[in-house]
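# Chains, contacts and geometry: an overview
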Amino acid sequence: MKKKTIDHTELLVLTLLAGEDMYGYQIITELARRSDHTFDMKEGTLYPVLHGLWKDGQVEAYEAEAPTGRKRKYYHLTKKGREALKAETEEWKSYVHGVNAVLSACPALG
Amino acid sequence: MEREEFCRRVIWQMKRATLREQDWVKAELMGHLEDHADALEQAGYDPEEARSRAVAAMGEPEEIGRALNAQLSVFWLLLSRISTVCIMLLCLGLVGSLSAGYRVFQNVQARFDPGSGFHGPGEGYVRQEVDVRGAAGSDILRVYWVDLAEGKALAEVHFCIYDENPFGRAANGTENSIRAQAPDGTWNRYGGGGQGSDGAWYWRLSDIPVEPGQTSLALRYDRFGEHLTLKIPLNWEVTE
C-alpha cells in the first residue's frame, strides 16, 4: 500500500493547479481555505513537493510580477500533470471506496 | 528566527545543490515569507511580528532542506564537480605544455643565438664574439662573448648553460660554480649578473683581471661531481 500522506499533498497541489496557476503562498492559503483548515501544513514543506512535481514534469514554473513589483514564481499544471492528476484521483477514489466498504461492514459502527 | 537565518539553515542541508540552485531556492523561500508577512500586516500585525509569524509557519528549516536535497540528483552534481576538476587539469596541462615549449625555445636559442636580446658591451669595453663550449654531465656550458676593457686589464665573460637534451632543464645556480683564473694562477669567483629559466641560464662574470696581451682566459666549472675547463681566446686587436 502506498504512503498516502505524500500522495495526499501531491494530489491536492495538482488539483489546485488544475484550476489556475498559483504561487507558493497562494497554494498554502487555498489549500487551508478549501479544506476548512483540515490540511494546514507547515508551509515550507510545500516546496519539496512542488520541486518534485516540477522535476517530474507535472508542473512548470515561470516568474511574473506581483502587485508589489516583486518577482513571483508561479506554477502551471502541464499535460503530464493533468494526466497524473486524473490517475491519482481515480486511485484515491478507489482507496476511499475500499476504506468506506470496510468501515460500513463494521457492526460496531452501526 | 529571522528570515535570512531560516533560509541559510534550509540551504545548509542542500549539499547536492549547485550555487545557482541554492540561490533559486532561497529566492523562492524569501518570496513566500514576504507574501505571508504582507498578508499578516494587512490583517493588522505589526511588521516585526508578521515576519516572525511567517517564519514560524514555515516549519523546521533542516527538515525542509533535507527534503529539497533529496529531490536533487547526485549524478549531475558529481558530473559538474568532475568536469571542474578535468578542466583544471587540462589548464594545468596546457600551462605545463606552454612551459615545456618555452623551455625548448630557450634551449635552441642558447645553441644558435645566445646573445639575442641582450645589451651591448659596457662603456669602455669592446666586445668580441667567441664560441667555446664544453660538456659537464648533461649540461653544456657555452661562452659566447668576451668584453675587453680599453685601457684597463679587465675582462667580462658572457656564458650560458643549457641541457644537451632540448627538452631537458638547465642547471640553475651555475654562476656559483664558475671560477676564472687570474693572472697569478688563482681560481676565483667573480660578480656579475644573469637571468634565465629552465631552458637556459645566462650569466656574466665581470671585472676579471687579465694581463694586456694575455692570449686566453681559463674558466673552470665544478658541480655535481662534473669538471670542465674552458679556454677562452682573447683578441686584443679589437681594443686597438
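What comes next concerns the included structure. In this text the structure is predicted, and so the values were computed from the model without any measurement. (Residues numbered from 1 in each chain as written. Chains lettered and ligands numbered in written order. Predicted model: local features only at pLDDT ≥ 70, side-chain atom pairs only at ≥ 80, totals over all residues. Heavy atoms only, no water.)

### Thoughts on the overall build of chain A
Regarding its fold elements, chain A presents 4 helices and 3 strands. Its helices and strands taken in sequence order, chain A reads α-β-α-α-β-β-α from the N to the C terminus. The buried share of chain A, taken over its 110 residues, is 38%. A sequence separation of at least 24 residues applies to 47% of the contacts in chain A between residues at least 6 apart. (Helix = DSSP H or I, 4+ residues; strand = E, 2+ residues; numbered from the N terminus. Buried < 20%, exposed > 50% of the residue type's maximum accessible area, 1.4 Å probe, protein only. Contact = heavy atoms within 4.5 Å.)

### Digging into a nonpolar patch on the surface
Taken together, the side chains of V74(B), L78(B) and I82(B) define a hydrophobic patch exposed on the protein surface, amounting to about 260 Å² of accessible area. The residue I82(B) is located in helix α5 (residues 74-112) in this model. (Patch = residues over 30% accessible without salt bridge, like charges linked within 9 Å, V, L, I, M, F, W, Y side chains within 5 Å. Areas by Shrake-Rupley, 256 points an atom, 1.4 Å probe, with all protein chains shown as cover. Salt bridge = Lys/Arg side-chain N within 4 Å of Asp/Glu carboxyl O.)

### Things to note about the nonpolar core
Grouped together as the largest cluster of nonpolar side chains are 38 residues, with contacts concentrated most on V13(A), L17(A), I27(A), F6(B), M14(B) and L29(B). A per-element tally of this core places helix α2 (residues 19-42) of chain B first, with 6 residues. Apart from residues lying up to four places away in sequence, L29(B) is in contact with Y47(A), F6(B), C7(B), V10(B) and M58(B). V146(B), I161(B), A170(B) and I232(B) belong to the second-largest nonpolar core, a separate cluster that totals 28 residues. (Core = buried A, V, L, I, M, F, W, Y, C linked by side-chain atoms within 4.5 Å.)

### Here's the deal with the interface of chain B and chain A
Residue-level contacts link 19 residues of chain B with 18 residues of chain A. Together chain B and chain A conceal approximately 1,600 Å² of surface at their shared face, both sides included; 55% is due to carbon and sulfur atoms. Along the contact surface separating chain B from chain A lie 4 salt bridges. R72(A) is paired through a salt bridge with D35(B); the nearest N and O atoms lie 3.0 Å apart. Seen at the junction of chain B and chain A, the total is 13 residue pairs in polar contact (both at pLDDT 80 or more). Secondary structure elements with two or more residues in the side of chain B that touches chain A: α2 and α4 (61-71) of chain B. Top element by residues in the side of chain B that touches chain A is α2(B). It accounts for 10 residues. Looking at the side of chain B that touches chain A residue by residue, the classes come out as 9 nonpolar, 5 polar and 5 charged. (Buried area = accessible area lost by both parts, 1.4 Å probe. Polar contact = N/O pair within 3.5 Å; in protein donor to acceptor, adjacent residues only side chain to side chain. Nonpolar A, V, L, I, M, F, W, Y, C, P; charged D, E, K, R; others polar.)

### What to know about the pattern of salt bridges
A full pass over the atoms with the stated rule returns 18 salt bridges over all chains. Between E62(B) and R9(B) there is a salt bridge, with its nearest N and O atoms 2.8 Å apart. With E62(B) in helix α4 and R9(B) in helix α1 (residues 3-12), this residue pair connects regions lying 53 residues apart in the sequence. It is possible to trace a salt-bridge network through shared partners that takes in R70(A), R72(A), E34(B) and D35(B).

### A few points about the packing of helix α3 (residues 46-55) of chain A against α4(B)
Across the interface, α3(A) lies against α4(B) with an axial gap of 9 Å and an inter-helix angle of 10°. As judged from the angle between their axes, α3(A) and α4(B) are roughly parallel. Along its contact with α3(A), which presents Y47(A), P48(A), H51(A), G52(A) and K55(A), the element α4(B) presents I64(B), A67(B), L68(B) and Q71(B). Looking at the contact of α3(A) with α4(B) residue by residue, the classes come out as 5 nonpolar, 3 polar and 1 charged. (Axes fitted to C-alpha atoms, helices over the stretch in contact; angles between N-to-C directions. Parallel < 35°, antiparallel > 145°, perpendicular 65-115°, else oblique.)

### Focus on the sheet that holds strand β4 (residues 178-181) of chain B
Strand pairing in a sheet takes place through backbone hydrogen bonds and is either antiparallel or parallel in direction. Pairing in this open sheet of 4 strands is antiparallel, and the strands run β5-β4-β8-β9 (chain B) from one edge to the other. Strands at the two margins of the open sheet, each flanked by one partner only, are β5 (187-188) and β9 (226-233) of chain B. (Pairing = 2+ DSSP bridges.)

### Here's the deal with unusual backbone geometry
Residues other than glycine seldom take positive phi values, yet H37(A) does so here, at roughly 65°. Structurally, H37(A) can be placed in the loop between α2 (24-34) and α3. Positive phi, close to 55°, is recorded for D207(B), a residue that is not glycine. On the secondary structure map, D207(B) appears in strand β7 (residues 200-209).

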